[in-house]
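# Per-entry structural report
Letter by letter, the chains look like this.
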Amino acid sequence: MNKPAFAAVVAAAFVSASSAFAEPQAEVLHWWTSGGEAKSVAVLQQEFAANGGTWTDMPVAGGGGDAAMTALRARVLSGNAPTAVQLKGPAIQEWYEEGALADISAVAEAEGWANVLPASIAGHMQCEGAWCAAPVNVHRVDWIWANADILTANGIAMPGTWDEFNAAAEKLQAAGIVPLAHGGQAWQDATVFEAVALGILGADGFRKAFVELDENALTSDAMVAVFDQMRTMRGYVDRNFSGRDWNLATAMVMNGEAAFQIMGDWAKGEFLAAGKAPGVDFLCASTPGDGFLYNVDSFAMFNVDGEDKRAGQALLAKLIVGKNFQKVFNLNKGSIPARTDVALDEFDSCAHLSARDMAASSESGSLLPSYAHGMALRGAQSGAITDVVTAHFNSDMSSADAVKMLAEAIANSM
Ligand code: GAL
């Protein structure tokens with residue numbers, strides 16, 4: 001063997017030896033701090049520890065992750081990125097383009113991710129041909145949750161149309177019951193808005209408006225009707241809704257202080273963590289209309305120095321997509337596994353409904369990314385829409401003015 005070749009062999013042996021002995025470390029930035037969320041992230045912490053990893057927790061409270069994303073920017077700007085970050089949708093590609101993300105293709109290829117993830121999910125995890133994030137789950141956003149006893153006592157069925165929802169809400173209000181538990185935070189307003197929009201615009205209209213940002217769709221009469229329904233629903237929330245956290249709104253439904261909540265299935269994680277059973281204590285149904293709004297949680301690994309941290313990133317990525325982890329984590333989180341080969345026998349009826357509807361909507365072309373949860377658009381555009389939604393919900397702005405503002409906000413954000 002000539003000298004340079006020998007040196008290369010020695011170097012390779014050194015690298016693999018040092019990574020074999022490096023103790024996996026990870027500082028993990030996430031926003032899973034509610035009861036159900038904390039139980040879920042603990043599953044990952046335990047699995048990481050059981051595999052020799054040392055986890056440094058960096059939780060940043062705030063549903064929807066806005067505060068976590070602000071904290072992330074500050075850390076990266078100061079040259080001290082966390083090892084692993086809860087990150088999703090086009091924000092993954094945005095950070096990759098900034099040169100901030102590690103390529104985790106070696107793990108993805110060794111673990112055969114391409115064979116166990118649906119193409120629609122795999123696409124979100126790839127950046128310029130490389131794997132740059134690991135998916136944990138599929139959350140559905142367009143759900144309506146209800147307190148089973150309240151509905152029975154008032155002779156109300158789960159609404160199948162928005163008119164039925166409004167009729168139920170009027171009846172409840174007349175009986176002195178708060179119809180809709182809601183937390184007045186911009187991302188929660190956006191969550192309700194996109195569920196209403198999917199129902200009223202239909203899947204094609206939703207795609208044109210919130211994926212393609214088509215001006216005609218954004219300013220259509222149907223969009224005016226979406227804002228009208230939001231105005232109606234503003235009348236169904238209680239007086240103290242402003243600023244309330246989403247999990248406190250879920251607790252209102254749990255405790256019989258309100259009948260319904262419109263929220264993604266992380267709300268189910270709250271019900272389950274409190275020992276409530278679907279079909280008995282609470283009911284789940286998709287919000288009125290066809291289609292399925294998906295929200296896939298994932299983790300991206302940031303460029304960091306140190307063998308131990310890189311070993312931590314590789315271990316975390318591997319565990320996250322692991323078959324058993326995907327089952328146990330999602331049983332707690334309220335979502336369904338991202339992997340297609342995880343048996344759902346231990347999952348409840350809401351999860352089964354989610355899996356069935358996801359498959360059917362994928363077939364019919366109505367499987368759509370959630371704009372409110374950062375799956376459809378880049379931050380500037382989704383932020384522009386949410387600003388209008390929340391300004392309208394919290395004022396007496398007319399629907400026509402809201403639609404005009406929406407078109408202007410999108411034009412300015414491009
Ligand atoms: C979503 C996230 C969920 C859930 C929720 C509330 O954006 O995807 O996992 O945690 O926020 O915090």
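This one's a predicted model, so the numbers in the text were calculated from it and none came from an experiment.

## Here we look at empty space enclosed by the protein
- Inspection of every chain in the model, using the stated rule, returns one cavity of 30 Å³ or more.
- Size it by volume and the largest cavity reaches roughly 100 Å³.
- When residues are assigned to domains, the lining of the largest cavity turns out to be shared by domain 1 (3-136 + 296-346) and domain 2 (140-294 + 350-413), each giving three or more.

## A look at the sheet that holds strand β7 (residues 137-140)
- Taken in spatial order, the four strands line up as β14-β7-β12-β15 in an open sheet, and their pairing is mixed. Edge strands, defined here as strands with exactly one partner in the open sheet, are β14 (336-337) and β15 (367-369).
- Two strands pair when backbone bridges link them, and strand β12 (residues 292-295) and β15 are joined in this way by three bridges, in the parallel orientation. Looking across to β15, one finds that Tyr294 is bridged to Pro369.
- Helix α16 (residues 323-333) contacts β7 and β14 of the sheet and is inclined by roughly 20° relative to β7.

## Let's talk about the environment of Ser120
- Among the secondary structure elements, Ser120 is positioned in helix α7 (residues 119-124).
- Taking C-alpha positions, Ser120 is 13 Å from Lys88, a pair spaced 32 residues apart along the chain.

## A look at the packing of helix α2 (residues 35-50) against helix α15 (residues 307-320)
- The geometry of α2 relative to α15 is characterised by a closest axis approach of 10 Å and an angle of 125° between their N-to-C directions. What the angle tells us is that α2 and α15 run oblique. Crossing angle aside, the handedness with which α2 passes α15 is right-handed. Across from Leu44, Glu47 and Phe48 in α2, the residues of α15 making contact are Gly312, Leu315, Leu316, Leu319 and Ile320.

## Some points on the domain arrangement of the chain
- Looking at the assigned domains, one finds that the chain contains domain 1 (3-136 + 296-346) and domain 2 (140-294 + 350-413).
- Between the C-alpha centres of domain 1 and domain 2 the distance comes to 30 Å.
- With 25 residues of domain 1 in contact, the opposing surface of domain 2 contributes 24 residues.
- By the criterion of area lost to domain 2, the three top residues of domain 1 are Pro90, Gly334 and Ile336, representing 24% of everything that side buries.
- Across the domain 1-domain 2 interface, the total number found is one salt bridge.
- Of the charged contacts, one joins Glu97 and Arg378 as a salt bridge, the two residues approaching to 3.2 Å between their closest N and O atoms.
- In this assembly, domain 1 and domain 2 are joined by seven residue pairs in polar contact (both at pLDDT 80 or more).
- Grouping the constituent residues of the side of domain 1 that touches domain 2 by class yields six nonpolar, twelve polar and seven charged.

Calculation criteria
- Residues numbered from 1 in each chain as written.
- Predicted model: local features only at pLDDT ≥ 70, side-chain atom pairs only at ≥ 80, totals over all residues.
- Heavy atoms only, no water.
- 1 Å grid on protein atoms, 1.4 Å probe; cavity = no way out; pocket = protein on both sides within 12 Å on 5 of 7 lines; lining within 4 Å.
- Points joined across faces, edges and corners; volume = space filled by probe spheres on them.
- Domains from an automatic or database assignment.
- Pairing = 2+ DSSP bridges.
- Helix = DSSP H or I, 4+ residues; strand = E, 2+ residues; numbered from the N terminus.
- Contact = heavy atoms within 4.5 Å.
- Axes fitted to C-alpha atoms, helices over the stretch in contact; angles between N-to-C directions.
- Parallel < 35°, antiparallel > 145°, perpendicular 65-115°, else oblique.
- Left-handed = near helix turned anticlockwise from the far one by under 90°.
- Buried area = accessible area lost by both parts, 1.4 Å probe.
- Salt bridge = Lys/Arg side-chain N within 4 Å of Asp/Glu carboxyl O.
- Polar contact = N/O pair within 3.5 Å; in protein donor to acceptor, adjacent residues only side chain to side chain.
- Nonpolar A, V, L, I, M, F, W, Y, C, P; charged D, E, K, R; others polar.

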